[in-house]
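Each chain, letter by letter, is given below.
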Protein chains: 2
Amino acid sequence: MQSAETKLNKNSLLLALRRYSAAVHNMEQTILLPSLLREVPPDDALDCDAAEDASDLYQSYLLLKAIRNTIDCGLIPADDGKAKKNAALNKSLEPLLEEDAEVLFHFHLRGLFSVIGNLTKKSQNVTEKYLDIIGISK
Amino acid sequence: MQSAETKLNKNSLLLALRRYSAAVHNMEQTILLPSLLREVPPDDALDCDAAEDASDLYQSYLLLKAIRNTIDCGLIPADDGKAKKNAALNKSLEPLLEEDAEVLFHFHLRGLFSVIGNLTKKSQNVTEKYLDIIGISK
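Quick notes on the rules
- Residues numbered from 1 in each chain as written.
- Chains lettered and ligands numbered in written order.
- Predicted model: local features only at pLDDT ≥ 70, side-chain atom pairs only at ≥ 80, totals over all residues.
- Heavy atoms only, no water.
- Helix = DSSP H or I, 4+ residues; strand = E, 2+ residues; numbered from the N terminus.
- Contact = heavy atoms within 4.5 Å.
- pLDDT = per-residue confidence, 0-100.
- Expected span 1.5 Å × (residues − 1).
- Axes fitted to C-alpha atoms, helices over the stretch in contact; angles between N-to-C directions.
- Parallel < 35°, antiparallel > 145°, perpendicular 65-115°, else oblique.
- Left-handed = near helix turned anticlockwise from the far one by under 90°.

## Thoughts on the side chain of Thr-120 of chain A
Part 1 of the reasoning: Mapped onto the elements of the fold, Thr-120 of chain A is located in helix H5 (residues 101–133).
Part 2 of the reasoning: Look past the residues within four positions of Thr-120 of chain A in its chain and what remains in contact with it is Arg-19, Tyr-20 and Ala-23 of chain A.

Here is the structure:
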């Protein structure tokens, strides 16, 4: 019998969401003292731009957990700044939003798949960085 | 003990995806002769624009099944026409795609949540229309 995971195609959104949750779970289990991440700058060498607004890895840690909760528990209202940016995104899309639902579905599916992949890498990076800080290298 | 479904918030994407799969499953179980949907025009009174490209309800039926398979099994390459529309959507977003991952995550999450809600309604509508055609009204 195959496990639920092997039955899912590697490009499946459900698998990507599951992997993200697992990466954040691992991050939470590993990082026993999140405050050690304070004032540690995010690694710019990473090719993902997750949590650009985060001033340090502690902020990234909180953000990655909040995003996991949103996936698991539902949409939450964005704060004013984020809502404004979302409104700008929607505004620029307006003429195209009249496209059919299939196009829109694939657009958002691919977009979410891609951003979740980046956030998963970011989560793994925060975990590795924490291990570096406490002197445990993989 | 709560069921997995009741534990999920009603705004959860996972719940929305599960509801869509259930609606398509119900549609497949109900529609024993999909060919009866040929040349039946989509109901314009519906406030959702799922499958605008579909010339009849049979095309909608096939499209809704294909989208369910994409959710369950993974991303598939879009055909040329759809790929072009997707490229146009991405192009118009380019300046905004440099926003941080959190904004992008919420944008695509909300977008997918909304389009999946519309497709679920569409799927229920195709099922009801089929029942009308064969003379069984709810």
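So much for the structure itself; the text now carries on.
## Let's talk about the confidence of the model for chain A
Reading fine detail from the predicted coordinates is not recommended where pLDDT is low.
All names here are of chain A.
Part 1 of the reasoning: Per-residue pLDDT for chain A averages 80, and the proportion of residues at 70 or more is 69%.
Part 2 of the reasoning: Averaged pLDDT values for the elements of chain A fall to 49 in helix H1 (residues 4–7) and rise to 93 in helix H2 (residues 13–30).
Part 3 of the reasoning: Residue range residues 1–6 is modelled with pLDDT below 50. Its contacts to residues more than four positions away, or to other chains, number 5 contacts.

## Overview of helix H5 (residues 101–133) of chain B
Part 1 of the reasoning: Taking 1.5 Å per residue as the helical rise, H5 of chain B with its 33 residues ought to reach 48 Å, and the 47 Å between its terminal C-alpha atoms agrees with that figure.
Part 2 of the reasoning: Backbone geometry just downstream of H5 of chain B places Gly-135 of chain B in the positive-phi region, at approximately 85 degrees.

## Let's talk about the packing of H2 of chain A against helix H3 (residues 57–73) of chain A
A pair of packed helices can be characterised by two numbers: the angle between their axes and the separation between those axes.
All names here are of chain A.
Part 1 of the reasoning: The interhelical angle for the contact between H2 and H3, taken along N-to-C directions, is 135 degrees, at an axis separation of 10 Å. When the axis of H2 is compared with that of H3, the two are oblique. You can see that H2 and H3 cross each other, and the crossing is left-handed. Between H2, through Leu-17, Tyr-20, Ser-21, Val-24, His-25, Met-27 and Glu-28, and H3, the contact on the second element is made entirely by Tyr-61, Leu-64, Lys-65, Ile-67, Arg-68, Ile-71 and Asp-72.

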